[in-house]
Amino acid sequence: MTPTFPLSAIQGQPQLVQALLLAAIEPALGGVLIQGPRGTAKSTAARALADLLVPAPFVTLPLGASIEHVVGSIDLSKALSGNEVAFAPGLLAKAHGGVLYVDEINLLPDSIVDVLLDVAASGVNRVERDGISHDHAARFVLIGTMNPEEGMLRPQLLDRLGLCVQLANAQDPALRSAIVKARLRFDLDPAGFLVAHATQQKRMAERLQQARARCAEAADLPWSDAVHDEVARQCIEASVDGLRADLVMLRAARALAAWEDCEAIESRHVAEVAPLVLLHRENQMAGDAAQRQNQPSSTASVPAAEPSPELMPESYQAAPAPSAPPEQSTNPGQSSPPARNLEQPPSDWGKPQSMTSVPIAALQADALAQAAMEALAAKKARAPGLPR
């Protein structure tokens, strides 16, 4: 069995370790999203948490997995050999009681991410497909990693991930050297490194089991009115949508109080877990607000801008509104001007037109394009023989 780097030996990422422990204590949090560059101990910490929950499986969900591979489907071998309809478990069943790790979760199809979040929150995987109706327990700690430069999750999915940690590269030379030295010692002598951290690992595992037991007791660690008020204040100040952030923050504060073996949940617990709960939700709200600010509320409420004549080709400019026909001259000797032949295209039809490059706003550009299309359609309608 390949040795695992111990969670107690991870340095420079205290928020990451705390978020993983809280998610392990309270599975109802819905998992942890880890954002950050490569090489910042994301997968190392996830494997270390599974090792701390021994005996617990560590299941990695590959990017190319299908929905059948994830939730399970009909057992084809039994169906073909014995005409028996049986259920073949998927990755969710294998991760029960342990850790389900998804690297680059933002690159997974939304349908699979939606299933992962549903099962992580409910603890039950229900399958209704291929003539199978089956459900089984699937309680695991969902850990997803992503690099924001490669794309973001949809806001609806982001909101359902309980906690979020933003990692950064170590900029302190002493800390950076300490992290590298620890990793080199582990790679050169894994057994000796594990022995050196065995006491810390044992103490951390015992605290984790005790905290999980306390959170499982419904009567233990109730939320006071002061804690509820503090959670409400934090979420209102962050301008988050809905009440999911309130519920996650209350559960995370309770998990932290259980980890610290406190007699009651205090406001300081709320303040400590608030950044983990609000980080991705505040970013989501800021992005939504900026998008609403840059876009009109509705096309009906914003009048279309009149295109500027000097920005359009001469042949594209709208013709003036027809005026009343001139009065017929009573003088028989006065001749009227010749009428224009409407069956022939304009004289400048098909010739290149000069354009003036002037910066214009998006709304004015849309109006110009619409006017150009209408003028082109009108010319095609007037000119026989042209393709329509």
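Reading the values: the criteria
- Residues numbered from 1 in each chain as written.
- Predicted model: local features only at pLDDT ≥ 70, side-chain atom pairs only at ≥ 80, totals over all residues.
- Heavy atoms only, no water.
- Pairing = 2+ DSSP bridges.
- Helix = DSSP H or I, 4+ residues; strand = E, 2+ residues; numbered from the N terminus.
- Axes fitted to C-alpha atoms, helices over the stretch in contact; angles between N-to-C directions.
- Contact = heavy atoms within 4.5 Å.
- Salt bridge = Lys/Arg side-chain N within 4 Å of Asp/Glu carboxyl O.
- Buried < 20%, exposed > 50% of the residue type's maximum accessible area, 1.4 Å probe, protein only.
- Parallel < 35°, antiparallel > 145°, perpendicular 65-115°, else oblique.
- Nonpolar A, V, L, I, M, F, W, Y, C, P; charged D, E, K, R; others polar.
- Expected span 1.5 Å × (residues − 1).
- Phe/Tyr/Trp six-rings, centres within 6.5 Å; stacked < 30°, edge-to-face > 60°.
- Lys NZ or Arg CZ within 6 Å of the ring centre and 35° of its normal.
- Core = buried A, V, L, I, M, F, W, Y, C linked by side-chain atoms within 4.5 Å.
- Arc of directions from axis to C-beta.

A. Seen up close, the sheet that holds strand S8 (residues 141-146). The five strands lie next to each other as S2-S5-S8-S1-S9, forming an open sheet whose pairing is parallel. At either end of the open sheet lies a strand with only one pairing partner, and these are strand S2 (58-60) and strand S9 (163-166). Averaged over neighbouring strand pairs, the angle between their axes works out to 20 degrees when direction is ignored. Where strand S5 (residues 99-102) lies against S8, four bridges are found, and the strand directions are parallel. The residue of S8 that forms the bridge with valine 102 is glycine 144. Lying over the sheet, helix H2 (residues 42-52) contacts strand S1 (32-35), S2, S5 and S8, oriented at roughly 170 degrees with respect to S5.

B. Structural view of the pattern of salt bridges. By the definition in use, this model includes 13 salt bridges. In this structure, arginine 244 and aspartate 159 form a salt bridge, with 2.8 Å as the shortest nitrogen-oxygen distance. Here arginine 244, found in helix H12 (residues 244-259), pairs with aspartate 159, found in helix H7 (residues 155-160); they are 85 residues apart in sequence, far enough to count as distant. Look at arginine 244 and you get partly exposed, because its relative accessible area is 38%. The salt bridge partner of arginine 214 is aspartate 261, with a shortest N-O separation of 3.1 Å. With arginine 214 in helix H10 (residues 198-216) and aspartate 261 in the loop between H12 and helix H13 (267-294), this residue pair connects regions lying 47 residues apart in the sequence. Overall, the relative accessible area of 16% leaves arginine 214 in the buried class.

C. The arrangement of the packing of helix H1 (residues 14-25) against H12 in detail. Packing of H1 against H12 leaves a shortest axis separation of 9 Å and a crossing angle of 95 degrees. As the angle between them shows, H1 and H12 are arranged roughly perpendicular. On the side of H1, the interface is formed by Gln18, Leu21, Leu22 and Ile25, while H12 contributes Ala252, Ala255, Leu256 and Trp259. Considering only residue class, the contact of H1 with H12 consists of seven nonpolar, one polar and no charged.

D. Structural context of H12. The terminal C-alpha atoms of H12 lie 22 Å apart, and with 16 residues this matches the ideal 22 Å at 1.5 Å per residue to within 8%. By the criterion of burial, H12 is predominantly enclosed, with 13 of the 16 residues buried. Phi turns positive, to about 55 degrees, at aspartate 261, one or two residues after H12.

E. Region of the structure containing the environment of methionine 249. You can see methionine 249 is positioned in helix H12. The class of methionine 249 is buried, set by a relative accessible area of 0%. For the pair methionine 249 and valine 231, spaced 18 residues apart in the sequence, the C-alpha separation amounts to 6.8 Å. Beyond its immediate sequence surroundings of up to four residues, methionine 249 is in contact with Val231, Gln234, Cys235, Val270, Val273, Ala274, Val277 and Leu278.

F. A look at unusual backbone geometry. Of note in the backbone geometry, alanine 41 takes a positive phi value of approximately 70 degrees without being a glycine. If you trace the backbone, alanine 41 turns up in the loop between S1 and H2.

G. Geometry of the packing of aromatic side chains. With the rule as written, the count across this model stands at four aromatic pairs. Here a set of aromatic residues connected by ring pairs shows up, and it is made of Phe5, Phe186 and Phe193. Note that arginine 207 overlies the ring of tryptophan 259, its terminal NZ or CZ placed 4.0 Å from the centroid. Seen from the ring of tryptophan 223, arginine 254 lies directly overhead, with NZ or CZ sitting 5.7 Å from the centre.

H. Structural context of the nonpolar core. Within the largest apolar cluster, 62 residues are counted, with the highest numbers of intra-cluster contacts made by Leu7, Leu49, Ile143, Leu163 and Met249. Sorting elements by how many residues they give to this core places H12 first, with 11 residues. Those residues within four positions of leucine 49 in sequence are excluded, and the remaining contacts are Leu7, Leu20, Ala24, Val99, Val141 and Ile143. Counting residues in each nonpolar core, the second largest holds 32 residues, with Val71, Val102, Met146 and Leu158 among its members.

I. Just the pairing of strand S7 (residues 132-137), in detail. Sheet analysis places strand S6 (residues 124-129) next to S7, joined by six bridges and oriented antiparallel. Among the inter-strand pairings, glutamate 128 is bridged to a residue of S7, identified as serine 133. Between S6 and S7, which pair antiparallel one after the other, the connecting turn spans two residues, and aspartate 130 there sits at a positive phi close to 55 degrees.

J. Summary view of helix H11 (residues 225-238). With 14 residues, H11 extends 20 Å between its outermost C-alpha atoms, agreeing within 8% with the 20 Å of an ideal straight helix rising 1.5 Å per residue. Buried within H11 are the following residues: Val227, Glu230, Val231, Gln234, Cys235 and Ala238. Around the axis of H11, the buried residues are gathered within 125 degrees of arc, so they sit on the same side. Turned more than 90 degrees off the buried face of H11, the exposed positions are Asp225, Asp229, Ile236 and Glu237. Trailing H11 by a residue or two, serine 239 shows a phi angle of about 55 degrees, which is positive.

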